[in-house]
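Chains, contacts and geometry: an overview
So the chains spell out like this:
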Amino acid sequence: MIALSHPVDRELADVLARVISDGVIAPGYEPGVAATLAGKKAGAFLVLEADPGFVAPPWERRDCHGLVLEQRRDDVPITADLLGGSDLAADAVRDALLGLVTARHTQSNSVVLVKDGAAIGIGAGQQNRVDCVRLAAGKARTWWLRRQPHIRDLPQPAGMRRQEHLNWQIRMAEGELTRTQRDEFAVLFPGVDPDLDGQVRAEWIDRLDQVTLVSDGFLPFRDSIGHAAAVGVRHIVEPGGSTRSGDVSAACREHRIELTRTGLRLFNH
């Protein structure tokens, strides 16, 4: 599902018509747009309208095998005030706030990597925070490698759908094509090398920079910082409070990463 905070106009509807999805929910649609979108997936595409005036109840409840769990809704405003007196630049503040909002609505444990106003990697629902960072970093690395010229400029054969072409670019970025996939690649893209030279790959990844990492809970160990630094993280936003917070701070200084502690946990269990 694609969830939107603004009404869908014709330009956005044209984008939605070309991406793979099972449905969309938005607070409104320009005249004629909903009917056009409803034709996707042979009429099975869901077009839902959200109530822009909806206010969530103050308490959340969940029934799990007869046990009812209840807690107050997480309604702390996500504003720049949470960043305290940090010296983050305006772009970093924007990315930090986007990361905080994303973490709030992502299954814990979660880590969000943000660059230029977009989430480029999310590690969610993991049993430890290091795995969250590694998972998010892997997604960010793939996102960045897709923009490497050799992969970005992969020709699109006539008749090949956009998503299939994108899947081949992702496989090239991940660098783990199976033998069967290599045989298929050779037929689809004759004369194109499916592999990216190791040095070229490393040099391109080194160019990824100014990434912001947001964690929904405190970072308990310094090894998370090393994984973050490897994908260009320059700003980390976390609640703080770990018994090893001093080690985490030291690791950030070693990697020249600016660390901001909010004192706010955003667990979504």
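That block above? That's the structure.
The shown structure was predicted, so the numbers you read here are calculated from the model rather than taken from an experiment. (Residues numbered from 1 in each chain as written. Predicted model: local features only at pLDDT ≥ 70, side-chain atom pairs only at ≥ 80, totals over all residues. Heavy atoms only, no water.)

Brief notes about the layout of surface pockets
Space inside the largest pocket adds up to approximately 580 Å³. Around the largest pocket, the lining comprises 16 residues; the ones closest to its centre are Glu 60, Gln 71, Asp 74, Phe 267 and Asn 268. Listing elements by their share of the lining of the largest pocket, those giving two or more residues are strand S4 (59-64) and strand S5 (67-72). When its residues are assigned to classes, the lining of the largest pocket shows 4 nonpolar, 4 polar and 8 charged. Approximately 370 Å³ is the volume found for the second largest pocket. In terms of lining residues, the second largest pocket is bounded by Ala 3, Leu 4, Ser 5, Ile 25, Ala 26, Pro 27, Ala 50, Asp 51, Pro 52 and Phe 54. For the lining of the second largest pocket, the residue count by class is 8 nonpolar, 1 polar and 1 charged. (1 Å grid on protein atoms, 1.4 Å probe; cavity = no way out; pocket = protein on both sides within 12 Å on 5 of 7 lines; lining within 4 Å. Points joined across faces, edges and corners; volume = space filled by probe spheres on them. Helix = DSSP H or I, 4+ residues; strand = E, 2+ residues; numbered from the N terminus. Nonpolar A, V, L, I, M, F, W, Y, C, P; charged D, E, K, R; others polar.)

So, the pairing of S5
The sheet contact formed by S4 and S5 spans 6 bridges and is antiparallel. Among the inter-strand pairings, Trp 59 is bridged to a residue of S5, identified as Arg 72. Following S4, the chain reverses through 2 residues before pairing antiparallel with S5; His 65 in that reversal takes a positive phi of roughly 55 degrees. (Pairing = 2+ DSSP bridges.)

Quick notes on the environment of Asp 197
Relative to the elements of secondary structure, Asp 197 occurs in the loop between helix H7 (179-188) and helix H8 (198-206). For Asp 197, a relative accessible area of 48% translates into the label partly exposed. The spacing of Asp 197 and Gln 126 is 71 residues in sequence and 32 Å in space, taken between C-alpha atoms. Polar side-chain contacts of Asp 197 include one of 3.0 Å to the backbone nitrogen of Gln 199. (Buried < 20%, exposed > 50% of the residue type's maximum accessible area, 1.4 Å probe, protein only. Polar contact = N/O pair within 3.5 Å; in protein donor to acceptor, adjacent residues only side chain to side chain.)

What to know about the sheet that holds strand S1 (residues 2-3)
Here we have 3 strands laid out as an open sheet, ordered S1-S2-S3, and parallel in their pairing. Where the open sheet ends on each side, the last strands, each with one partner, are S1 and strand S3 (46-49). When strand S2 (residues 23-26) meets S3, the two strands line up parallel, connected through 4 bridges. Its bridge partner being in S3, Val 24 is matched across the sheet by Val 47.

Re the pattern of salt bridges
Note on pairing: side chains with opposite charge can pair once their charged atoms come close. If you walk through the whole model with that rule in mind, you get 13 salt bridges. Across the pair Arg 18 and Asp 14 runs a salt bridge, and its minimum N-O distance is 3.3 Å. Residue classification places Asp 14 among the partly exposed positions, given a relative accessible area of 44%. Salt bridges here are not isolated pairs; linked through shared partners, they connect Asp 91, Arg 94 and Asp 95. (Salt bridge = Lys/Arg side-chain N within 4 Å of Asp/Glu carboxyl O.)

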